[in-house]
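Chain by chain, the residues:
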Amino acid sequence: MKSSIFVRVFCNFILNNNMVINTKETMENYDFKLSRIYDKIFQDKDYYAETLFLQDAFSRYSKIKLEKILDIGCGTGRHSSEIAKLGYQVTGVDPSSYMIQIARDNNKGISNCEFIEGNLIDVKGKYQLAVSMFNVVNHIMSLDELILFFEAVRCVLDDGGLFIFDCFNGAATSIDPPRNRSIEKKLSSNKRIFVNTVCETSLMESRLTMQNTVEYEGEHFSFNLEHRLWSPMILDELLRKANFRLHKVVKTFNVDVDASISDYKIAFICDTK
Ligand SMILES: C[S@@+](CC[C@H](N)C(=O)[O-])C[C@H]1O[C@@H](n2cnc3c(N)ncnc32)[C@H](O)[C@@H]1O
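Residues numbered from 1 in each chain as written. Predicted model: local features only at pLDDT ≥ 70, side-chain atom pairs only at ≥ 80, totals over all residues.

1. Quick look at the overall build of the protein
Inference 1: Scanning the protein for helices and strands turns up 9 helices and 11 strands.
Inference 2: Here the protein holds 273 residues, and the buried ones make up 39% of them.
Inference 3: Within the protein, contacts between residues at least 6 apart in sequence are counted, and of these 67% link residues at least 24 apart. (Helix = DSSP H or I, 4+ residues; strand = E, 2+ residues; numbered from the N terminus. Buried ≥ 20, exposed ≤ 12 C-beta atoms within 10 Å, placed from the backbone. Contact = placed C-beta atoms within 7 Å.)

This is how it looks when you write it as structure tokens:
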């Protein structure tokens, strides 16, 4: 009871003081060109399986009824689509107006799915499950911003709700930093897309810059993505500070498999204290 009053007072403080997470550094890369090509680059990503993982985790670790899901950093709305198909009410929020536009186009006519261009302070109401998928937390570049982000997530969750996110494992990437890669993909339209990625990791700053060059339909363009490589221990500590309790860190995307130090991609399953 006491903790719930504390959380309410605290949330009012966060929301009324318009505390905003500075997303400029990473966000301006999710621009017009990247948003148009994003779903093509990630055509093979299994959003359906990831969404079933989210549903499975919720059914195991929360006791409350799941009705409303918030998809934070929803991008082009692919998880939101799958969530809506499962029958839940879903709200996607993303600071990139370009990504939100594609999310709206991708989900036209779906009544249980809505999108908000903005930050968590623009989200109204409470949810039973908040998800933030595909490295969104790695786009939050400072400790202060990340704690603010977690606190704001806590504020939009019902007591007993769950927060699930995936990210790079900063411990794994410090042992074996991400490598350069070139991928050529055949799209369902039979066209081809070529993506070359140069990775630069700063161990001192726990930062990863991915410089990507894309070739599609005879056009070339480049975009850089900045990431902060958070270690699981730091994430755990910040989650506690934001009144979350960490249930499990798993290898993506299997609720039954605990993450190991060498797993590059991991997912955090947390509930509200
Ligand atoms: C790699 S994309 C992931 C998009 C989507 N979740 C998916 O799985 O395809 C990262 C997204 O995070 C968004 N983003 C960046 N900083 C953010 C922040 N501070 N809060 C919420 N979203 C953010 C970007 O605009 C972008 O759409």
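2. With respect to the packing of helix H3 (residues 32–41) against helix H6 (residues 97–106)
Inference 1: At their nearest, the axes of H3 and H6 sit 8 Å apart, and the two run at 35° to each other. Considering how the two elements wind past one another, H3 and H6 form a crossing that is right-handed. Of the residues in H6, those in contact with Phe 32, Ser 35 and Tyr 38 of H3 are Tyr 98, Met 99, Gln 101 and Ile 102. (Axes fitted to C-alpha atoms, helices over the stretch in contact; angles between N-to-C directions. Left-handed = near helix turned anticlockwise from the far one by under 90°.)

3. Some remarks on the site of the ligand
Inference 1: The immediate surroundings of the ligand are formed by 21 residues, with Gly 73, Gly 75, Ser 96, Phe 134 and His 139 found nearest.
Inference 2: Broken down by secondary-structure element, the contributors of at least two residues to the shell around the ligand are helix H2 (24–27) and helix H5 (78–85).
Inference 3: Along the lines of polarity and charge, the residues of the shell around the ligand split into 11 nonpolar, 8 polar and 2 charged. (Near = placed C-beta within 6 Å. Nonpolar A, V, L, I, M, F, W, Y, C, P; charged D, E, K, R; others polar.)

4. A look at the sheet that holds strand E8 (residues 207–216)
Inference 1: Pairing within the open sheet is antiparallel, and its 4 strands lie in the order E6-E7-E8-E9. The open sheet terminates on both sides in strands that have one partner only, identified here as strand E6 (181–186) and strand E9 (219–228). Each strand of the sheet is rotated relative to its neighbour by a mean of 20°, with strand direction disregarded.
Inference 2: One ladder, built from 6 bridges, connects E6 with strand E7 (residues 192–202); its direction is antiparallel. (Pairing = 2+ DSSP bridges.)

5. Some details on the environment of Leu 162
Inference 1: Relative to the elements of secondary structure, Leu 162 occurs in strand E5 (residues 157–168).
Inference 2: Along the backbone, Leu 162 and Phe 244 are 82 residues apart, and their C-alpha atoms lie at a distance of 8.9 Å.
Inference 3: Setting aside residues up to four positions removed in sequence, Leu 162 forms contacts with Ala 57, Phe 58, Tyr 61, Ser 62, Leu 129, Ile 269, Cys 270 and Asp 271.

6. Comments concerning the sheet that holds strand E10 (residues 244–251)
Inference 1: As summarised here, the arrangement of the 7 strands in space is E3-E2-E1-E4-E5-E11-E10, forming an open sheet in which the pairing is mixed. Every other strand in the sheet has two partners, leaving strand E3 (113–117) and E10 as the edge strands with one partner each. Strand-to-strand twist across the sheet, computed as the mean angle between neighbouring axes with direction ignored, equals 20°.
Inference 2: Of the strand pairs in this sheet, strand E4 (residues 127–132) and E5 are connected by 5 bridges, and their pairing is parallel. Among the inter-strand pairings, Leu 129 is bridged to a residue of E5, identified as Leu 162.
Inference 3: The sheet contacts of helix H7 (residues 143–155) involve strand E1 (68–72), E4, E5, E10 and strand E11 (265–272), and relative to E5 the element is tilted by about 145°.

7. Comments concerning unusual backbone geometry
Inference 1: The step from Thr 252 to Phe 253 runs through a cis peptide bond, and the omega angle for that step is -10°.
Inference 2: Structurally, the position occupied by Phe 253 is in the loop between E10 and E11.
Inference 3: The backbone phi angle of Asn 190 is positive, close to 75°, even though this residue is not glycine.
Inference 4: Relative to the assigned elements, Asn 190 resides in the loop between E6 and E7.
Inference 5: For Asn 190, a count of 6 C-beta atoms within 10 Å translates into the label exposed.
Inference 6: One non-glycine residue, Ser 206, lies in positive phi territory at about 50°.
Inference 7: Residue placement: Ser 206 occurs in the loop between E7 and E8.
Inference 8: Taking the C-beta count within 10 Å as the criterion, Ser 206 has 17 such neighbours and is therefore assigned partly exposed.

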